[in-house]
Amino acid sequence: MISMNKVSKHYGSFQVLADCTTQVQKGEVIVVCGPSGSGKSTLIKCVNGLEPFQSGEIIVNGVSVGDPKTNLSKLRSTVGMVFQNFELFPHMRIIDNLAIAQVKVLGRNPEQAREKGFKLLDRVGLRVQAEKYPGQLSGGQQQRVAIARALSMDPICMLFDEPTSALDPEMINEVLDVMTELAQEGMTMMCVTHEMGFARRVAHRVIFMDQGRIVEDDSKEAFFGNPRSERAQQFLAKILHH
Amino acid sequence: MHEFDWSSIPNALPFLWDGMLISLEITLSAVVFGIVWGTLLALMRLSSITPLSWFAAGYVNLFRAVPLVMVLLWFFLIVPHLLESLFGLPRGTDMRLTSAIAGFALFEAAYYSEIIRAGIQSVPKGQMAAASALGMTYGQAMRLVVLPQAFRNMVPLLLTQGIILFQDTSLVYVSALADFFGAAYKVGDRDGRLVELLLFAGAVYFVLCFAASRVVRHYQNKMKTA
Amino acid sequence: MAYNWNWGVFLQPTATGDDSTYLDWMFHGLQMTIGLSLSAWLIALLLGAVVGVLRTVPNRWLSGVATAYVEFFRNIPLLVQLFLWYFVMPELLPENLGNAFKQTNPIVQQFLSSMICLALFTSARVAEQVRSGINSLPPGQKNAGLALGFTLSQTYRHVMLPMAVRLIVPPLTSEFLNIFKNSAVCSTIGLLELAAQGRQLVDYTAQPYESFIAVTVAYLLLNVVVMSGMRWVEAHVRVPGYIGGK
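Let us look at the structure shown here. Predicted model, so just to flag it, every value in this text is computed and none were measured.

### A short note on the pairing of strand E3 (residues 29–33) of chain A
Here is the key point about a regular strand: its side chains alternate between the two faces of the sheet.
Residue and element names in this part refer to chain A.
Here comes step 1: Taking burial as the measure, the five residues of E3 include five buried ones, the bulk of the element.
Here comes step 2: On E3, burial covers both faces: Val29, Val31 and Cys33 on one face and Ile30 and Val32 on the other are all buried.
Here comes step 3: Looking at chain direction, E3 and strand E8 (residues 189–192) are connected through four bridges and run parallel. From the neighbouring strand, valine 29 faces E8, where its bridge partner is methionine 189.
Here comes step 4: Two strands pair when backbone bridges link them, and E3 and strand E9 (residues 205–210) are joined in this way by four bridges, in the parallel orientation. From the neighbouring strand, isoleucine 30 faces E9, where its bridge partner is arginine 205.

### Section: the sheet that holds E8 of chain A
Residue and element names in this part refer to chain A.
Here comes step 1: Read across the sheet, six strands follow the order E6-E7-E8-E3-E9-E10 without closing on themselves; strand pairing throughout is mixed. The strands lining the two open edges of the sheet, one partner per strand, are strand E6 (79–82) and strand E10 (213–219). Averaged over all pairs of adjacent strands, the angle between strand axes in this sheet comes to 15 degrees, irrespective of strand direction.
Here comes step 2: Lying over the sheet, helix H6 (residues 169–184) contacts E3, strand E7 (157–161) and E8, oriented at roughly 150 degrees with respect to E8.

### Here we look at the side chain of serine 8 of chain A
Here comes step 1: Summarising the element assignment, serine 8 of chain A is placed in strand E1 (residues 2–11).
Here comes step 2: When neighbours within four sequence positions are excluded, serine 8 of chain A is seen to be in contact with Gln15, Leu17, Ala18, Asp19, Phe53, Gln54 and Ser55 of chain A.

### A closer look at the arrangement of the chains
Here comes step 1: The highest contact count of any of the two pairs of chains in contact belongs to chains B and C.
Here comes step 2: In this structure chain A stays clear of chain B, and the shortest span between their C-alpha atoms is 20 Å.

### A word on the interface of chain B and chain C
Here comes step 1: Chain B puts 36 residues into the contact, and the matching count from chain C is 33 residues.
Here comes step 2: At the junction of chain B with chain C, the criterion picks out two salt bridges.
Here comes step 3: Between glutamate 71 of chain C and arginine 217 of chain B there is a salt bridge, and its shortest N-O distance comes to 3.4 Å.
Here comes step 4: Our count for the chain B to chain C interface comes out at five residue pairs in polar contact (both at pLDDT 80 or more).
Here comes step 5: The set of elements that each furnish at least two residues to the side of chain B that touches chain C consists of helix H2 (50–65), helix H3 (68–87), helix H7 (180–191) and helix H8 (194–225) of chain B.
Here comes step 6: Element by element, the count of residues in the side of chain B that touches chain C is highest for H8 of chain B, at twelve residues.
Here comes step 7: For the side of chain B that touches chain C, the residue count by class is 27 nonpolar, six polar and three charged.

Here is what the cut-offs are and how they apply
The residue numbering used here restarts from 1 in each chain and proceeds along that chain's sequence as written. The naming scheme follows written order: chains are lettered A onward, ligands numbered 1 onward. Confidence filtering applies because this is a predicted model: local features only for residues at pLDDT of at least 70, side-chain atom pairs given and counted only at 80 or more, and all residues used for totals across whole chains, interfaces and linings. To obtain the side-chain values, all non-hydrogen atoms of the structure were used and water was disregarded. Working definition: with a 1.4 Å probe on protein chains only, accessible area under 20% of the residue-type maximum means buried, over 50% means exposed, and in between means partly exposed. Counting from the N terminus, the helices are the DSSP runs of H or I reaching at least four residues and the strands are the DSSP runs of E reaching at least two. Strands qualify as paired when DSSP identifies two bridges or more between them. Convention adopted: a line fitted to C-alpha atoms gives each axis, helices being fitted over their contacting stretch, and angles between N-to-C directions are expressed from 0 to 180 degrees. Here, two residues are considered to be in contact whenever any of their heavy atoms come within 4.5 Å of each other. We define a salt bridge as a side-chain nitrogen of Lys or Arg found within 4 Å of a carboxyl oxygen belonging to Asp or Glu. Polar contact criterion, stated in full: a pair of N or O atoms within 3.5 Å, where within protein one must be able to donate a hydrogen and the other to accept it, and residues adjacent in sequence count only if both atoms are side-chain atoms. Classes in brief: Ala, Val, Leu, Ile, Met, Phe, Trp, Tyr, Cys and Pro nonpolar; Asp, Glu, Lys and Arg charged; the others, Gly included, polar.

These results come straight from atomic positions and should not be treated as a statement about function.
As structure tokens, this is what we get:
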């Protein structure tokens, strides 16, 4: 579904990503973790072309992301993304946040789009909030709406960029629950997160990054059982003592 | 299509230079008086003495609501007569330059006072408290602690306002005073070369103001990184 | 000093015998000021939005052109720009076009030059506000739009501009007020707007104080009307629950 081959990116002389290679199979859930500044957010944004990269290749569902001839908008409409700061559109009601891209990008008719929007709001338990504006919802609620918005496009896979790190602790679980459910339904997911409990519960593989490199790329069992690199061990120790 | 003839400009340069000096004289005096009077207005506006703060608010809002052209017309057509009759000056005394400077200074003070008020309010309240705790009076605390910090932050805005003021001095045209623009217009009108003189004046203003705003931006960036 | 106040002068028929009062003159001036300012404002908003957006697009050439546009109109005094439009532009146009312009009704010439001048001058300032509005949006908003499959122009249209425009209503209010005040500069090319009528009143009535006070009050009233109008706009575009920028 997603395959990366020797992806590198630098700003001037600063290496953000160095020779990153990995694969994500259909239905797989991958958790990407690592210390801040390790390049994990950049890596996930390269998958749908929000961050350009200088060398290497990323293929999503048979389409090359780096190819200048690729219609990036079309590719992105098939890949759902959830952001750290939710990024709902503050000037639109919740239901319009869910409908607008369906109408303007996929060309669905507005009625169907709203219908679908309501169904997805039901699913994340927020149907009653449909007519409110994003600023009137709590952070956890906004992030659940953001997940529903991404799902409204019927994506073939989902990217999560630290979806819980801007949330107050008591709201983290409501978002993780929605993500867990999605994973159990077989959605292909790539999640940048520090939530190791979530990783243990649903991930198939864990990728650990440090200084722009993929240091570990292992099954969950292997990663939590005994990580090979010292950096990963230190990282896990810090996270667990948190 | 117009055939350009720039030959009247070289001979007129001394006259144009005199005009530029008048423009600069008005700009500088108005900036200095404007900042002094503007600071006083800002302090009045922020003071706890209600009549003072009302007066300052009324003054600032009045001048900011009226076109500069109107203010200048007041100062060229009405104020001189008023002064003549008040002080018994001989009729027809040429007060245009003084009137222009007074008009600009009083007008710009309203704008300066808003910049300065925002600057004073941007200094953390704790600074005033700390100065008072050291035993300073309100006046000392303002003068020695708050205003120096406020002005440091405001320098770019004050300079930018100065550039705008320099551009606005061209409006003394309404009193037929020969500032740089007035001089250029007069030469162009006399020689039938208005097109060339106006283009020349525009180019001179552009070069000066563009360069000055670059300097301000450079200073601003340096302050940000400092 | 012996000054004879006479506020009744406004109701007297004018000395030109054109069957109108001095109050009518003032009213005509006010109409001209409002018509000129509103038409120039509409053009300035449209142009300013386009130029402001161009300044933020990831294309060096386009943003360079937009920057040059803004610098040009910001660094030449309004009066000089007005004279360039009124005296110089007709000479630089192709001959038949320039002549056609010079043969139209002088009022039309004055109005067109004034409108174009004020519109472009103000558009550069509006562009700066639009640019700073767009730049003050959280950077993730653009990514969120793109990630949903919007093209860049769709992202601007549906995501960034609607928010940016709401954020810049207060600074746009002051630009809107400025255009009314700046329109007084157009009296210098003979356009009979409010300030020019004020001057004319002084000449004809020999009651300078009444004339200037009346005109000044008219500007104050315009100011109040525009401000309350914009406050209404501000209240109506406010997004529920949204608390400011970054």
